[in-house]
Amino acid sequence: MNEKATKPSNAAATRSQLTFALVHAAHAIETRWQESLAGVGLSTAKLGALTVLVQAGEPLSLGDLAARLTCVRSNITQLVDRLDADGLVRRVENPADRRSKKAAITPRGIERQAAGTREIERVQKELGNALSAIDPMMLERVLAKLK
């Protein structure tokens, strides 16, 4: 009887340890991304905005950029301010609405986005190598259940 009482406790402790391990791993991955992007003068937010602009192939209104990044417009305004100060985007006239501007990526922004993407791919490859002993399909199914 005593044995049955300890098993749920051990299972709960194992689940708790696993949860903390997942949180720690996510934080470690985010830190590695941030460090690798910092090496090319970017953050994850800046890379995200530059990637959206590269994929769009044309200047986007700040509202459209915010929507594509699922972010509030006030945050996008600040982000575009920082990207503009870095020479990675510039604000251009919006022919559809003279009161607003669009964000256009610069050649320097295109280069920096490509460098950032290469860094993220490098980190992903390193992480993939670290996880190579795990069945990737099983890991994906388990992680998908957490969403």
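Residues numbered from 1 in each chain as written. Predicted model: local features only at pLDDT ≥ 70, side-chain atom pairs only at ≥ 80, totals over all residues. Heavy atoms only, no water.

## So, the pattern of salt bridges
Going through the model one piece at a time under the given rule, you end up with nine salt bridges. Its salt-bridge partner being Glu-126, residue Arg-32 comes within 2.5 Å of it at the nearest N-O pair. Taken together, the residues Arg-32 in helix H1 (residues 2–38) and Glu-126 in helix H5 (residues 107–130) connect sequence positions 94 residues apart. The class for Arg-32 is partly exposed, based on a relative accessible area of 31%. Note that Arg-122 and Glu-119 form a salt bridge whose closest N and O atoms lie 2.8 Å from each other. Separated by three residues within a single helix, Arg-122 and Glu-119 lie in helix H5, roughly one turn from each other. Each of the salt bridges in this network shares a partner with another, and the network as a whole consists of Arg-32, Glu-119, Arg-122 and Glu-126. (Salt bridge = Lys/Arg side-chain N within 4 Å of Asp/Glu carboxyl O. Helix = DSSP H or I, 4+ residues; strand = E, 2+ residues; numbered from the N terminus. Buried < 20%, exposed > 50% of the residue type's maximum accessible area, 1.4 Å probe, protein only.)

## Description of the packing of helix H2 (residues 44–56) against helix H4 (residues 73–85)
Relative to each other, H2 and H4 sit at 85°, their axes nearing to 10 Å. Considered as vectors, H2 and H4 are oriented roughly perpendicular to each other. In this structure, H2 contributes Ala-45, Lys-46, Ala-49 and Leu-50 to the contact, and H4 contributes Leu-79, Arg-82 and Leu-83. The class makeup of the residues in the contact of H2 with H4 is five nonpolar, no polar and two charged. (Axes fitted to C-alpha atoms, helices over the stretch in contact; angles between N-to-C directions. Parallel < 35°, antiparallel > 145°, perpendicular 65-115°, else oblique. Contact = heavy atoms within 4.5 Å. Nonpolar A, V, L, I, M, F, W, Y, C, P; charged D, E, K, R; others polar.)

## Examining the environment of Lys-46
In this fold, Lys-46 is placed in helix H2. Counting along the chain gives 66 residues from Lys-46 to Arg-112, while the straight-line C-alpha distance between them is 9.8 Å. Those residues in contact with Lys-46 that lie beyond four places of it in its chain are Leu-79, Arg-82, Leu-83 and Asp-86.

## Digging into the environment of Lys-147
Checked against the element boundaries, Lys-147 lands in the segment after helix H6 (136–144). The class of Lys-147 is exposed, set by a relative accessible area of 87%. Residues Lys-147 and Val-40, spaced 107 residues apart in sequence, show a C-alpha to C-alpha distance of 31 Å.

## Observations concerning H2
Taking 1.5 Å per residue as the helical rise, H2 with its 13 residues ought to reach 18 Å, and the 18 Å between its terminal C-alpha atoms agrees with that figure. All buried positions along H2 are accounted for by Lys-46, Leu-47, Ala-49, Leu-50, Thr-51, Val-52 and Leu-53. Phi turns positive one or two residues past the end of H2, at Gly-57, with a value near 75°. (Expected span 1.5 Å × (residues − 1).)

## Quick look at the sheet that holds strand E1 (residues 60–61)
Read across the sheet, three strands follow the order E1-E3-E2 without closing on themselves; strand pairing throughout is antiparallel. Edge positions in the sheet fall to E1 and strand E2 (89–93), since each has one partner strand and no second. Relative to strand E3 (residues 101–105), E1 is paired through two bridges, and the arrangement is antiparallel. By the bridge assignment, Ser-61 is partnered in E3 with Lys-102. The sheet contacts of H4 involve E2 and E3, and relative to E2 the element is tilted by about 115°. (Pairing = 2+ DSSP bridges.)

Distances and angles like these do not, on their own, reveal function.
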